[in-house]
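# Tertiary structure, described
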Amino acid sequence: MKSRKEINKQNYQRKRDYNINYIKAQRKLYYSPAQRKLQHDATYYPAQRKLAYIQQKSASAQKVRNEQFCNRSTRSTSTSTSTSNQADIKLPIEIRESLKHAIKCDQKSMQVEGRVDAFCLPVCLSCDRVIIGCETTHKVDKEAVLATKSKFSIEEYNSFYDMELHAELIKQYEVEGLEGLLLSPRATKTTNASTGDVHYSTCFNCYNSMKNKRSDNPPKHAIANGFAIGQVPTRILKNEEITEEMCALLAPIRPYAYLFAYSAGAHKSIKGHYSFFEMDLTHTGSVMNHVLKIGSNPMVYVVLNGRMTPKQKELVRKRAEFDISKMMQLMDWFVTESGHPAYANVVTRPSECPQPVIMEDKENANNTDNEMNPEVEHTFAAASYHFASNHDPNEDTGVYETNQKFVSSMLDRTMPTLLVSGGEYANLKELEIENVTPLQFPFGQGGPKQSRRTRISYLECFKLYSRLSLKQFMRADFLLILNHMHGRLRSFNKAIIKCKSQNCGTTLAEKISTLDIDDLNQAMFCIQTGQDPKGTAAEYIKTIKASCEPIGHSAEAAKKNRKRHFGICDYFGESSLFVTTTPCDESTLRVGLFVNAGEEQVLPPLGDLDDKEHIHQCRLHFDLRKKYRSLYPGACSLVYQHLMQIVTECLIGWNTKTKTGRVGVLGKPLAWSRTDEEQARKTLHAHWQIWIEHFNDCRETLFSDDEEERKKARDTFIQYVDSVICASYPDYTVAHVCEVGNGKETTPILRTQPVSDLFKESEDKNVLRKARHKDHCLIINGEFLNCKECRKAYSPRQCMEMAIAHWRRNATHPQMKEEEEELQQGMKGENNDYDDEEKTHTASKKKYTRRENMEQKVWLDRITIRHPYDFDEEGMPSEALKAEIPDDGPNNADIAWLKETQARSTLLHYRYDEHDHWHRATCFRNDCECRAKLPMMASDTTFIHDNDTMLDTLNQTQQPTTNNNLDNEEQHQQNDSTSRSNAGDSKDDRDEQEDHLTSKQIRNVRWNYLDGTTKLKSQYAVIPKRGIGSQFLNAHNIAMSSILGCNTNVTIGDASHTYYCTLYKSKDTQAEDKEALLRVHGSFGRRIMRRKILLQQQQQQAAEEREQQRKSQQEQEQDGNEQASESDCDDNGADDKDECHAEGLGRVMTGVNSLLSRNVVSPTMAHLLISQGGTRFTYSHGEENLLVTQLEDYLEGRECNFILRKNYNKIEKRVERWPDSTAYDYVFRPRELQRLCYYEYMMKYKKGFKTFKRINREQDLEISGNADCNDAESSVRLEFQDGHPGKRYAFLTKRKFPVIPTIMMRNGRLCDVELLEIGNSSPSFNTARYRENYAKQALMMFFPITAVDDLKFNGSHWEKFMAVGGTKCYDAKLDSQDETPAECMWEYGKKILENIQTRKTVKSKMKRPPDPLALGTKRPQSTGERMKADIDDEVRFDADFSEYCIDDDDDNYDNDDTHNGILEPLAQNAKR
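Residues numbered from 1 in each chain as written. Predicted model: local features only at pLDDT ≥ 70, side-chain atom pairs only at ≥ 80, totals over all residues. Heavy atoms only, no water.

Take the overall build of the protein chain next. Secondary structure assignment for the protein chain yields 58 helices and 38 strands. Split into buried and exposed, the 1472 residues of the protein chain put 54% on the buried side. Long-range pairs, those at least 24 residues apart, make up 77% of the contacts in the protein chain with a sequence separation of at least 6. Split by element, the accessible area of the protein chain, about 66,800 Å² in all, is 47% carbon and sulfur. (Helix = DSSP H or I, 4+ residues; strand = E, 2+ residues; numbered from the N terminus. Buried < 20%, exposed > 50% of the residue type's maximum accessible area, 1.4 Å probe, protein only. Contact = heavy atoms within 4.5 Å. Areas by Shrake-Rupley, 256 points an atom, 1.4 Å probe, with all protein chains shown as cover.)

This structure, assessed with the given rule, holds 42 aromatic pairs. Summarising the aromatic geometry, the rings of Tyr-465 and Phe-473 are spaced 5.5 Å apart at their centres and angled 15 degrees between planes, so their arrangement reads as stacked. The class of Phe-473 is buried, set by a relative accessible area of 1%. With 6.3 Å between their ring centres and 45 degrees between their planes, Trp-1218 and Phe-1249 make a pair best called tilted. Taken together, the residues Trp-1218 in strand β35 (residues 1214–1220) and Phe-1249 in strand β36 (residues 1245–1249) connect sequence positions 31 residues apart. Among the aromatic side chains, those forming a connected cluster through ring pairs are Tyr-571, Phe-572, Trp-691, Tyr-1239, Phe-1342, Tyr-1370, Trp-1386 and Tyr-1388. Sitting above the plane of the Tyr-1226 ring, Arg-1229 keeps its charged end 4.0 Å from the centroid. The aromatic ring of Tyr-1330 is capped on one face by Arg-1329, whose charged end is 5.9 Å from the ring centroid. (Phe/Tyr/Trp six-rings, centres within 6.5 Å; stacked < 30°, edge-to-face > 60°. Lys NZ or Arg CZ within 6 Å of the ring centre and 35° of its normal.)

Strand order in the open sheet formed by three strands is β22-β23-β24, with antiparallel pairing between adjacent strands. For this open sheet the edge positions go to β22 (759–761) and β24 (793–794), each flanked by a neighbour on one side alone. Relative to strand β23 (residues 785–787), β22 runs antiparallel, the two being bridged by three bridges. Looking at the pairing, Phe-759 lines up with Cys-787 of β23. (Pairing = 2+ DSSP bridges.)

The alternating pattern of strand β2 (residues 138–141) places His-138 and Val-140 on a buried face and Lys-139 and Asp-141 on a face that is not buried. The pairing of β2 with strand β4 (residues 198–202) spans four bridges and is antiparallel. Bridge pairing in β4 links Lys-139 to Ser-201.

Looking at the element boundaries, Lys-171 is found in helix α10 (residues 167–172). Sequence-wise, Lys-171 and Pro-185 are 14 residues apart; in three dimensions their C-alpha atoms are separated by 9.7 Å.

On to the environment of Glu-1425, then. Residue position: Glu-1425 is located in helix α57 (residues 1425–1429). Judged by relative accessible area, Glu-1425 falls into the buried class, the value being 10%. Note: C-alpha distance between Glu-1425 and His-776 (649 residues apart in sequence) is 7.8 Å.

Our focus in this paragraph is the nonpolar core. With 78 residues, the main nonpolar core has Phe-594, Leu-666, Trp-688, Phe-717, Tyr-720 and Ile-1052 as its most contacted residues. Here this core takes twelve residues from helix α27 (residues 633–652), the largest share from any one element. Residues Cys-569, Leu-1195, Leu-1278 and Ala-1335 belong to the second largest nonpolar core, which totals 63 residues. (Core = buried A, V, L, I, M, F, W, Y, C linked by side-chain atoms within 4.5 Å.)

Let's shift gears to helix α52 (residues 1325–1342). Along its 18 residues, α52 runs 26 Å from first to last C-alpha, staying within 8% of the 26 Å computed at 1.5 Å per residue. Of all the positions in α52, only Thr-1327, Arg-1331, Tyr-1334, Ala-1335, Lys-1336, Gln-1337, Ala-1338, Leu-1339, Met-1340, Met-1341 and Phe-1342 are classed as buried. (Expected span 1.5 Å × (residues − 1).)

To continue, consider the packing of helix α35 (residues 854–870) against helix α37 (residues 901–912). Running from N to C, α35 and α37 point in directions that differ by 120 degrees, and their axes come no closer than 9 Å. On the basis of their axis angle, the class for α35 and α37 is oblique. When the axes of α35 and α37 are compared, the crossing they make is left-handed. Facing Gln-856, Lys-857, Leu-860, Asp-861, Ile-863, Thr-864, Arg-866, His-867 and Asp-870 of α35, the residues of α37 in contact are Arg-904, Ser-905, Leu-907, Leu-908, Tyr-910, Arg-911 and Tyr-912. Grouping the amino acids of the contact of α35 with α37 by side-chain chemistry returns six nonpolar, four polar and six charged. (Axes fitted to C-alpha atoms, helices over the stretch in contact; angles between N-to-C directions. Parallel < 35°, antiparallel > 145°, perpendicular 65-115°, else oblique. Left-handed = near helix turned anticlockwise from the far one by under 90°. Nonpolar A, V, L, I, M, F, W, Y, C, P; charged D, E, K, R; others polar.)

Relative orientation of the contacting elements helix α24 (residues 555–572) and helix α43 (residues 1055–1065) amounts to 150 degrees, with a least axis distance of 9 Å. Viewed along their axes, α24 and α43 adopt a mutual orientation that is roughly antiparallel. For the pair α24 and α43, the sense of crossing is right-handed. For the pair α24 and α43, the contacting residues are Arg-562, His-565, Phe-566 and Cys-569 in the first and Tyr-1059, Thr-1062, Leu-1063 and Lys-1065 in the second.

Time to look at the pattern of salt bridges. If you walk through the whole model with that rule in mind, you get 56 salt bridges. Note that Asp-861 is salt-bridged to Lys-857, the shortest N-O span being 3.9 Å. Of the two residues, Asp-861 and Lys-857 both sit in helix α35, four residues apart, roughly one turn of that helix. Among the residues examined, Asp-861 registers a relative accessible area of 0% and is labelled buried. (Salt bridge = Lys/Arg side-chain N within 4 Å of Asp/Glu carboxyl O.)

Just geometry here; none of it tells us what the structure is for.
Written as structure tokens, this is what we have:
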């Protein structure tokens, strides 16, 4: 066999011989340009080249893709029999290559050249966008940029816009060596050490555009394409110094009112809740002059809510009353230097700075706390932002007042206003975003409506803003406004007009085609005004309805995507894994990298906990990260998107371009879905459902009738669980001093052993059960691990702190004496402790305080933040860690242990995956026990918890009997945890427990199949291995956690687990998102009421005093009476002014709270929605709705919905409107597709619409009598049959990638298979009806039909269903055939029906099985101790919003916003 070197040499020789034999003149003679062109045009004109290319793709790549898509794990599973190779199922995983790919995308792409500890986020030279995740970063040299100078030159920019760019703006987009061009100075610059060539980073789109030499227009995202935006010069004010209040006061045009609410209290940091909302302005011009005159801003309010310490109130006042000199300097620059068009009408320079209105009550015992913990109380926590709009689009009306106006706008193609001012729809006036948010557009340039050399849509503009490296575009208020505009525009672009008529709209479409838009508008106006319209337009206008997609964060969007989740489950079966990834914005270096894009960031150094200077630096770095997270939520969203791309493509192993999977850290994925949510702290996290190849085969074989196959399947299943899920720390070593002895004489003995050898779990498992309870966990305090020698109880957290202390001591003093180690045992740590003078266990005497040691927290954060950068794919120290802790370093003895992989990995999971043993308020949303079911019992191995293992579990959880041989002291120590667990339980409480242990059963569920067979399956739960000390550890994936550096959660279970996970990840989150905002505004509303009541009382008292004064002065002179009267009038004027102020605030809050009935979104989620096209749901495959109801209505001649489309008929010379319906498409599908069922047809083929050029060409040929139009496009397109109303304008083509149809049908049509009574030859009337409905729906989806008669055999749908094989089991061999045989049902349709039946069985018969601890223990009774202790770090206010809300029925929707969750007293005031 020849070597590669020999082959290359041979090829080179051939090329050389060719050049010798055919000299240049001969080649030119033989292949002259004219001849080459003639021959080329004769054989390969463009259409033929395209046809050859498409045919080649169809013949090879398309076949491979379809085979990959169709080779699903479900295809090898049979419900009746087990194949011979089912016992040999393998579930492989690949960790090393996946981690290597992830490290390359996350770290190597950002690493500064020549440095191992410095990183820089790449920024595109042309468009100034950040390059994230797995996106390709291209390099261009200076010569390539200069070669395309015309695309980026300032001269071309000024010439196109007929203006001169601001000199300071030009300087901000100047790159050294490339002067005169508009380029990003933040682009990564690299220099070739050998040649000295300079290269710059560019994104994929700009790189391809720069290679295009035929056009002088810039790339569409380029700075030179009208996006020279700039930023406020740092000499004026740094971006970080601009507060939220300053942004609110800075805007020259302000269509929003702002409310800044602060809450705090003892042991709590100060939290800000910033909300703004639309208000009705009588003027939409510049308000800056008005602001400067009055010296204050009536549209900006700062409210102090609830209980606060005096110092906290002072800090809030100082924050609200910002630095006047800085604000004046900023305003002066905007008015005099910036050249911003919105400030052109400001005729005078500002002489004083406007201030917001601060609202607070006088200090009293009810609203003032004593200072307890200044370190926490004097800090500002991350703020939350909210924006509620009355003009958010909905599905029925879009952004318009009525559906009729929506229809009229769609027919007339009138785009809605993007940013509006006005409280009513009739008074809307469009505003420029540059004028509303001047901080983002300081020079007034770069708005979405600006004309550009290269056209770009508004939606693309919004997406570009969210990816710019400029810091101001990452701020919260701007993101909320931008998302509002994005939602309005997207609703219009995605909107469709639907009609309802018989014959699928043929007659209606013909009549509407004769109408003019003015006729429709006039008919709509008559309907809206209550008049009686007449004519064709009036007759049919009521059948027209416009519809658009719901906004991404709404309840409607969650409901729609739940159906799509179920559609994927219908096709692939139950999902394999449920994974949660929760990046922490405060505990990562990535947010700083994104905020300072283009700037080098160095890894923070490691240090010891006793190093005070190191701890001080850790604290400063923590404060900086917290500031970044609060000030720039857009950066947090970008980090989240960056990590999700890495998880998708690198760790899961999904290729987003080919829609196929490779073996990753979880196996080989077949499909996945992701739901993005935000936590209470407004950070994003993702819920994943992942389908793994062959996993369902293994899961099905768990219930095989063959015992040997069942055992092998269980072994494979457990082996896979152990490879992807970890719920245990390594058996780390701890140093523990045991007090061993009898009576009062004890001897301390130091024991340094693995934690499993020193400690054991409490024998009374009720202690662990009570550690889950919201009240009893405070008493247990996590201490259910008993020393095997001294019986003393410890918590897992204390054991971990012993291990950390042991690691540190061994590193610094490996030969330390036992007595010194005894004195230094333990570690300063985070303690959830209670203050008690005596060691008693009476709950009523305890005062609970959640204490957090900030020194340990910031030190541990520093260690875990560096973890992804400190270890490679092999788990070995990286070059960065070796440089930080060299082996021969003289001063590294105290941190040398931080190079150990096991220790660092343990610290990582301890920081992110260890559950708080006091739990959090979110743990008890739906129950009094922790919803995470933590703590869990320790287990030596992973096992499947079902009826086969239930007896062993019950034996393990049985309460032990008392050992009478122990003396009193040992007996007291052994039962220490038990005695504490019983604290707070009365005798009556213990008597009112759950049923007896033996009565608790894991359900056996009977499964019914279409062939009439049944199978009894036990519910089960997968319990991963869990060591001693890991009882509070979340089940996580080690590979994911090590790359992401955050919390991950991985769970596996039975069908019920899959079903409830699907419900959970597709839930509506609006109730949680609005909870804090409702409380803030409720407190503000009560404050207004108090003020108004006080004013009324003062007025009444003043009136009584005046009345008495009048009576006493009746005998005085008339002049004195007049003087008193004048004084009274002045008092009345002042009171009226105050009353009007309170009345005005009341009306404002009425409008605000009416808006709160709508959707609320945080800035981080708003940024994500813009970046993801308006949705928070992401899927591996595309989607198409399978409209079974529409097909049924068409076949039976009933009214059905269709989309109204419009084209010009050149032959008949008129505008032709035609009905677009998938029912028409399928019934009149091409003859080549007659063997395809409805489901497979929608999955593999899609409808396209011909271009105007194509339509005109075909109609010209038809007019000339030549109907043939044979070209490349015709060969790859399939034409509909005659009878299709859109045959002239639409066609079919094969999808590049198959999609997953979502079944849309009437409820109840596919009943439970059990109701069909398959095998019963004499069914009852109801059973026969169930059979007919079921067979009809199944045949419409999975049997090829063209008419309603194709659905029946001998007049029965059920007979037809049986005749085509519907009651036979799924056969994988038949499914592997290329084409469905005639008169046969699509084979895989049977599998889909089985998957649908699985969901019905779960929904009706199954509940989530009890975990082992709950199965064998008693449920504790609530004592109310947690509420009394008030330990949860929640925002509490002096009033609950629900006290003021009107209770409305959720099922009844009222269009009147004043009756949807408003403040009732304020609503009454507003009505007056």
